[in-house]
Amino acid sequence: MDIDTYNEKRDFSKTKEPRGDDKQSSHKGRRFVIQKHQATNLHYDFRLEVDGVLKSWSIPKGPSTDPNQKRMAIPTEDHPMTYADFEGTIPEDQYGAGTVMIWDKGTYSNNSSENKSLITAYKNGVMEILLNGKKIQGGYSLVKMDSGTQKGNWLLIKKDDKYADARRNPVSTQNKSVVSGRTIKEIEKEGRK
Ligand code: MN
């Protein structure tokens, strides 16, 4: 699902989300962002810079810091790099209507021991990454399920490293934007002004 799909889903005369342009590369290392999205259903959009776009998954329960908690990650369309900076509201009649918060952001690196490129790993459905965010750090696996009722969906799984912590549960204890310090409610209120 490419950037054309992203553009087709949105009316840019109505939403403040960025229009998807040509691929861009960031100069500060590969970026990742986790956007808390209060839409019809609350979820966390997990986005990784791969080949100039943000590969994207919707994670209903958000990321876990517990290696025993596998989190369902539903693939969604590629987003433009500029989307990593989007925080605000999406109007009611628009795709994804609701409120978006930049819950975490940072850089990440390829942690694959097999020396596979990230795009190859993505296409193969097995990504090993090292995240360096403000709330989320350390190794994670993203694995695409190739059979069963969840075929096509992915799982996000924490590696058992020094950042693993079964008790931390940042999704429930850390509920403010890493960019603006605002809660979802505060972002929503400012969007209505
Ligand atoms: Mn979303």
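A. Seen up close, unusual backbone geometry. The phi angle at Asp51 is positive, at roughly 55°, despite the residue not being glycine. Within the secondary structure, Asp51 sits in the loop between β2 (42-50) and β3 (53-59). Assessed through its relative accessible area of 44%, Asp51 is described here as partly exposed. The backbone phi angle of Asn169 is positive, close to 45°, even though this residue is not glycine.

B. Main features of the coordination of the manganese ion. Protein ligation of the manganese ion involves His37 (ND1), His43 (NE2) and Asp45 (OD), the donor distances falling in the range 2.1 to 2.3 Å. All donors of the manganese ion belong to a single chain; written as a sequence motif, their spacing is H-x5-H-x1-D. Classification of His43 as buried rests on a relative accessible area of 13%.

C. Looking closely at the side chain of Thr15. One can find Thr15 in the loop between α1 (3-8) and β1 (31-38). Judged by relative accessible area, which is 5%, Thr15 ranks as buried. A polar contact of 2.8 Å, which involves the side chain of Thr15, links it to the side chain of Glu17. When near neighbours in sequence (up to four residues on either side) are disregarded, Thr15 contacts Arg10, Ile90, Pro91 and Gln94.

D. Representation of the pairing of strand β9 (residues 154-158) within the structure. When you tally the buried positions in β9, you get five out of five residues, the bulk of the element. Burial along β9 is two-sided: the face carrying Trp154, Leu156 and Lys158 and the face carrying Leu155 and Ile157 are both buried. Examined bridge by bridge, strand β4 (residues 71-80) and β9 share three bridges and lie antiparallel to one another. Among the inter-strand pairings, Met72 is bridged to a residue of β9, identified as Leu155.

E. Focus on the pairing of strand β8 (residues 137-144). Of all eight residues in β8, six are buried, a share of seventy percent or more. Where strand β7 (residues 126-133) lies against β8, seven bridges are found, and the strand directions are antiparallel. Across the sheet, the residue bridging to Val126 is Val143, located in β8. Following β7, the chain reverses through three residues before pairing antiparallel with β8. Pairing analysis gives five bridges linking β8 to β9, with the strands arranged antiparallel. In the sheet register, Leu142 faces β9, and the bridge partner there is Leu156.

What counts, and at which threshold
- Residues numbered from 1 in each chain as written.
- Predicted model: local features only at pLDDT ≥ 70, side-chain atom pairs only at ≥ 80, totals over all residues.
- Heavy atoms only, no water.
- Helix = DSSP H or I, 4+ residues; strand = E, 2+ residues; numbered from the N terminus.
- Buried < 20%, exposed > 50% of the residue type's maximum accessible area, 1.4 Å probe, protein only.
- Donors = N, O, S within 2.8 Å, 3.2 Å for Na, K, Ca; no water.
- Polar contact = N/O pair within 3.5 Å; in protein donor to acceptor, adjacent residues only side chain to side chain.
- Contact = heavy atoms within 4.5 Å.
- Pairing = 2+ DSSP bridges.

Note that all results are geometric; they support no functional claim without further evidence.
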